[in-house]
Amino acid sequence: MPELARQQHYNNSYTRYTYPRTQAQTRSSQSPVYIRRQADKKKIERNYLIHRIVSVSVVALLGFSVLPYGFNKVTKFMLNPTPYKEVKTDYQQLLFPTSNYLANHWFLGQRSLEGAEVKKPQMASLTESSRLSGLENQLKNLASMYPSIHPSIYVWDYESGNYADINADEIFPTASIIKLPVLVQLFRSIEKNQLNIYDEMPLTEYYRTEGSGSLQFKAANSKYSIDTLARMMITESDNSATNMIMSKLGAMPDINSGIRQWGLKHTYVQTWLPDLGGTNHSTARDMATILYNIDNPDFLSTSSREKIFDYMGHVHNNRLIAAGLPSGATFLHKTGDIGKMLGDAGIVYAPNGKKYIVVIFAHRPHNSPLGKEFIVKASEIIYNNMVY
C-alpha cells in the first residue's frame with residue numbers, strides 16, 4: 001500500500017508538470033484569491049513604472065536647472081576675477097552639442113550655420129579654360145591600379161587656366177590640411193588689426209594635445225608668439241599650436257564665418273585638432289581656391305603672402321606630392337594624414353618657370369601605405385604633363 005501511494009504521487013506530479021492543467025487547477029486560477037493576487041501584482045508593476053518615470057523626470061529637472069545654476073555660481077566665485085566669471089549655461093549647446101562647432105554666423109546672440117556668400121565673395125574664383133582630358137585619363141588609369149584608394153584631385157595651371165578634375169567637388173575629410181584656412185584667417189585678422197603677429201600666448205593644458213608637433217612636450221605656461229605658433233602649425237603640423245591660434249581667432253565660429261565670407265561652400269571646421277574622426281571637411285577645388293587667393297593682392301597683402309609662403313616652403317613632410325617632383329622643383333604646401341585619409345595641397349614651381357596648383361585627397365584603408373604610393377605616382381604623372 002505505501003508503494004502504491006508513492007507511485008500515485010509520482011503519477012500526479014508527472015501529470016501536473018507535463019500535461020495541461022487539470023480542471024481543478026483551472027478552477028483554482030479563477031478563484032477570487034488568485035484574481036486578487038494577480039490584480040495586486042499588476043498594481044505593483046504599474047506603481048513601479050510610475051516611480052521610475054517620476055525619478056527620471058526629477059533627475060532631468062536637476063540636470064537642466066539646479067546643476068547649471070550651481071555651475072554658474074561656482075564659476076562666478078571660484079574663477080573670479082578671470083574672464084570666465086560670467087559663464088552661463090548654454091541650453092542650446094546641451095541639447096545640440098555640435099551647434100557651436102558648425103556655426104559660422106552670429107546675430108543677436110544666436111548662432112547659425114549660413115551658406116557661403118555668393119553675391120560678393122571675398123575670394124576670386126579660379127578661371128578655368130580647357131580641361132586636361134589626357135591627364136585625367138592617365139590619373140584614372142592609375143586609380144584603377146589602386147582599387148582600395150578613392151581619390152579626389154584638382155590641378156590648375158597659372159599660365160593657361162587649363163585644369164584637371166577628378167572628383168574635385170566631392171567633400172573629403174581634410175585632416176591637417178584644414179590648417180591652411182586657419183592660417184589664412186589668422187593673417188586676415190592681423191591685417192584688420194585684431195591681433196599682432198608678435199602677440200604671445202601661454203601653453204596651458206587646455207591647448208596641449210596629442211598627435212603631430214613638438215609643442216605638446218613643452219613646459220606648461222611657456223609663452224610663444226603668434227608667429228612661432230603659425231610656423232609650427234604649418235611646418236610641424238603642430239596640433240597644440242593650431243588649437244591656440246583658433247582660440248585666439250575666436251574659435252571655430254570665427255573661422256567658419258571667414259570661410260563663408262570668402263565664398264567657399266564646402267569647407268568648415270567642426271573639431272579641435274587632432275581631428276582623428278575626419279569631421280573637418282573641404283573639397284579639392286575649395287583648397288585650390290584658397291591656394292590661389294594667397295597670391296591675390298585684393299585678398300591678402302604682400303607681407304602676409306610672404307609670411308604664409310615662408311611657412312609653406314619649410315614643411316617637414318616631403319613624402320607625398322613633393323616625393324613625385326624632380327629635385328629642381330619647389331613646392332609650397334600643407335599635408336594631412338589620418339587613418340582613413342591622406343592628402344597634400346600646394347603650389348609647384350618648376351625650374352622652367354611653370355607654375356601650377358595641385359591638390360590630392362586619397363581615401364584609403366586605415367593607414368594603408370597604398371595611399372602614399374598612389375599620391376607619389378599621381379604627382380609624377382601630373383608634373384610630366386604640366387611641365388614637359
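Here, the structure is the one placed above.
We now turn to the structure provided with this report.

### What about the sheet that holds strand β9 (residues 330–338)?
Taken in spatial order, the 5 strands line up as β4-β3-β11-β10-β9 in an open sheet, and their pairing is antiparallel. Either end of the sheet is taken by a strand with one partner, and the two such strands are β4 (163–166) and β9. Looking at each pair of strands side by side, their axes are set apart by 10° on average, direction ignored. Where β9 lies against strand β10 (residues 341–349), 9 bridges are found, and the strand directions are antiparallel. By the bridge assignment for β10, Asp-337 is matched with Leu-342. Sheet contacts for helix α12 (residues 302–312): β9 and β10; angle to β9, the most-contacted strand, approximately 65°.

### Focus on the side chain of Arg-188
The topology assignment puts Arg-188 in helix α7 (residues 179–191). With no salt bridge to any partner, buried Arg-188 finds its closest opposite charge in Glu-191, at an N-O distance of 5.4 Å. A polar side-chain atom of Arg-188 sits 2.9 Å from the main-chain carbonyl oxygen of Phe-299. Setting aside residues up to four positions removed in sequence, Arg-188 forms contacts with Gln-122, Trp-262, Phe-299 and Leu-300.

### Some remarks on unusual backbone geometry
Residue Pro-274 follows Leu-273 across a cis peptide bond; omega there is 5°. Examined against the element boundaries, Pro-274 turns out to sit in the loop between α10 (251–262) and β8 (281–282). A positive phi angle is found at Asn-167, which is not glycine, with a value near 55°. Here Asn-167 lies in the loop between β4 and β5 (172–173).

### Some points on the nonpolar core
With 63 residues, the main nonpolar core has Leu-183, Leu-186, Phe-187, Leu-229, Leu-291, Met-312 and Val-359 as its most contacted residues. Considering each element in turn, this core owes the most residues, 7 residues, to α7. Other than its neighbours up to four places away in sequence, Met-312 contacts Leu-180, Ile-234, Leu-291, Ile-294, Phe-331, Leu-332 and His-333. The next biggest cluster of nonpolar side chains, apart from the first, holds 30 residues, and it includes Tyr-146, Ile-166, Val-358 and Ile-382.

### Quick word on the pairing of β10
With 8 of 9 residues buried, β10 is to be regarded as a mostly interior element. Connecting β9 to the next strand, β10, in antiparallel fashion are 2 residues. Direction of pairing for β10 relative to strand β11 (residues 355–363): antiparallel, over a ladder of 9 bridges. Following the sheet pairing, Asp-344 is matched in β11 by Ile-360. Between β10 and β11, which pair antiparallel in sequence order, lie 5 residues; one of them, Gly-353, sits at a positive phi of approximately 95°.

### Observations concerning the packing of aromatic side chains
This structure, assessed with the given rule, holds 10 aromatic pairs. Considering the side-chain rings of Trp-262 and Phe-299, the 5.9 Å spacing of their centres and the 85° angle between planes classify their relative orientation as edge-to-face. In this pair, Trp-262 is assigned in helix α10 and Phe-299 in the loop between α11 (284–294) and α12, connecting sequence segments 37 residues apart. By relative accessible area, which is 1% here, Trp-262 ends up buried. A residue is classified by how much of its surface remains accessible, and Phe-299, at 3% relative accessible area, is buried. Through a chain of ring-to-ring contacts, the aromatic side chains of Trp-156, Tyr-158 and Tyr-292 assemble into a single cluster. Lys-355 extends its terminal NZ or CZ atom over the ring of Tyr-158, reaching a point 4.2 Å from the ring centre.

So, how was this worked out
Residues numbered from 1 in each chain as written. Predicted model: local features only at pLDDT ≥ 70, side-chain atom pairs only at ≥ 80, totals over all residues. Heavy atoms only, no water. Pairing = 2+ DSSP bridges. Helix = DSSP H or I, 4+ residues; strand = E, 2+ residues; numbered from the N terminus. Axes fitted to C-alpha atoms, helices over the stretch in contact; angles between N-to-C directions. Contact = heavy atoms within 4.5 Å. Buried < 20%, exposed > 50% of the residue type's maximum accessible area, 1.4 Å probe, protein only. Lys, Arg positive; Asp, Glu negative; His and termini not counted. Salt bridge = Lys/Arg side-chain N within 4 Å of Asp/Glu carboxyl O. Polar contact = N/O pair within 3.5 Å; in protein donor to acceptor, adjacent residues only side chain to side chain. Core = buried A, V, L, I, M, F, W, Y, C linked by side-chain atoms within 4.5 Å. Phe/Tyr/Trp six-rings, centres within 6.5 Å; stacked < 30°, edge-to-face > 60°. Lys NZ or Arg CZ within 6 Å of the ring centre and 35° of its normal.

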